[in-house]
Amino acid sequence: MVDDGVCYKSSSGPDHDFCLDQDIGPTLNFKPRGGLARALYEKQQTDHFLSQFDKSQWYHCDLSKIPLDLSSKFIELGPDDETIKFLQQSEEKSDWILTQIWHSVVKAFLGWFMTQTSINGWLQRGSMFVLSLQQFLKLLRVEPSWHKESLLDLGAGDGEVTTHLSSLFDKTYVTEVSTTMRTLLQNRGYFLLDIDTWHKTHKFDVISCLNLIDRCDTPNQLLAQIKTSLKPDGLVLLAVVLPFSAYVEAGSRDHKPKELLPIVGTCFEEQVKSVVDDVLTPAGYEVVSWTRVPYLCEGDLQQSYYWLDDVVFVLKVAN
């Protein structure tokens, strides 16, 4: 994300800051009267910019800043049909004015005693998008007929991201801290595992850990538990928001994790290298492939959707 980006608090998930990456450019001097009218007018201006924005920029990475052994494993993706569908649905939902006003009122009230994740689960709003099915297959470099027995999605939220992957597996297991989100996951038919014992009961073909290591208290411990829970040829799908910013939503008074990952760098590419060199390699993982994607979130009365920069790795246990 560029430094002059306009940032908003996350409207779903573990309290990430979702941002508008660029200045939307000059606007007219017209100033509607009334707070709601002004908000709708500003949203119209922002959404016009989003409709013209070159979305291929979300997926670009300057490989000249990445060592050859890592840059050779980069797979460039693009906005496919599933991505566009998510954006269109987000635009439609953000135009439900009365619903958006209701959500704002409820969030302001429930925010005194519930986490944002639980509020969004209760309202069934703020769904996320990371990878489509076709993007996942391309990242794995496998055919559409590829199929495995078991997927575990850690911190699955409302299960929307999980649904894009679950059709490739016989069984889909999930974990989630939020009580309201756990109810949604069970209603989807997923096998819900306990957040404290999931790594003691099963072995999995694929474990997805999407935008979680920057939001959990002990990320190094989590990476170790994932490694011991894989089948011998198992894979890890790991997504990390960059620039890296650790934040624990619940259980920590100052919202700082007990284990702070040593991720450094002044740009996206430098931080990708640091994630690999300073976190994944010491934890015993080897990068199979990686990419850059937008971490998308449904919008609100301000704009139709938000995004952050995500690096997504496919990992295996190092020999």
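Everything quoted here is computed from the prediction, not taken from an experiment.

### Structural notes on the pattern of salt bridges
Turning to step 1, where the next piece is worked out: Taken as a whole, this structure holds 7 salt bridges when the rule is applied.
Turning to step 2, where the next piece is worked out: Residues Glu149 and Lys231 are paired through a salt bridge, measuring 2.9 Å at the closest nitrogen-oxygen approach. With Glu149 in strand β4 (residues 148-154) and Lys231 in strand β8 (residues 230-242), this pair connects stretches of sequence that are 82 residues apart.
Turning to step 3, where the next piece is worked out: Of the residues examined, Glu149 reaches a relative accessible area of 44% and is grouped as partly exposed.
Turning to step 4, where the next piece is worked out: Among the charged side chains, a salt-bridge network with shared partners connects Glu149, Asp205 and Lys231.

### Things to note about unusual backbone geometry
Generally, phi is negative for residues other than glycine and the peptide bonds are trans, each holding for most cases.
Turning to step 1, where the next piece is worked out: In this chain, Leu242 is followed by Pro243 through a cis amide linkage whose omega measures 5°.
Turning to step 2, where the next piece is worked out: Relative to the helices and strands, Pro243 is located in the loop between β8 and α10 (268-280).
Turning to step 3, where the next piece is worked out: With phi around 60°, Arg141 is a residue other than glycine that occupies positive phi space.
Turning to step 4, where the next piece is worked out: For Arg141, a relative accessible area of 49% gives the class partly exposed.
Turning to step 5, where the next piece is worked out: Non-glycine residue Asn211 carries a positive phi angle of around 55°.

### Describing the packing of aromatic side chains
Turning to step 1, where the next piece is worked out: For the structure on display, the rule yields 11 aromatic pairs.
Turning to step 2, where the next piece is worked out: Measuring from ring centre to ring centre gives 5.3 Å for Tyr173 and Phe191, while their planes differ by 35°; the resulting arrangement is tilted. On the criterion of sequence distance, the pair formed by Tyr173 in strand β5 (residues 169-174) and Phe191 in strand β6 (residues 191-192) is long-range, its members being 18 residues apart.
Turning to step 3, where the next piece is worked out: Tyr173 gets classed as buried once you look at its relative accessible area, which sits at 10%.
Turning to step 4, where the next piece is worked out: Judged by its relative accessible area of 41%, Phe191 falls in the partly exposed class.
Turning to step 5, where the next piece is worked out: For the pair Tyr173 and Phe204, a centre-to-centre distance of 5.4 Å together with 70° between the ring planes defines the contact as edge-to-face. Of this pair, Tyr173 sits in strand β5 while Phe204 is found in strand β7 (residues 204-210), placing the two residues 31 residues apart along the sequence.
Turning to step 6, where the next piece is worked out: Here the aromatic cluster, defined as three or more aromatic residues joined through ring pairs, consists of Phe53, Trp58, Tyr305 and Trp307.
Turning to step 7, where the next piece is worked out: Between the NZ or CZ atom of Lys171 and the centre of the ring of Phe191, over which it lies, the distance is 5.9 Å.
Turning to step 8, where the next piece is worked out: Sitting over the face of the ring of Phe268, Arg292 holds its NZ or CZ atom 4.0 Å from the ring centroid.

What counts as what
Residues numbered from 1 in each chain as written. Predicted model: local features only at pLDDT ≥ 70, side-chain atom pairs only at ≥ 80, totals over all residues. Heavy atoms only, no water. Salt bridge = Lys/Arg side-chain N within 4 Å of Asp/Glu carboxyl O. Helix = DSSP H or I, 4+ residues; strand = E, 2+ residues; numbered from the N terminus. Buried < 20%, exposed > 50% of the residue type's maximum accessible area, 1.4 Å probe, protein only. Phe/Tyr/Trp six-rings, centres within 6.5 Å; stacked < 30°, edge-to-face > 60°. Lys NZ or Arg CZ within 6 Å of the ring centre and 35° of its normal.

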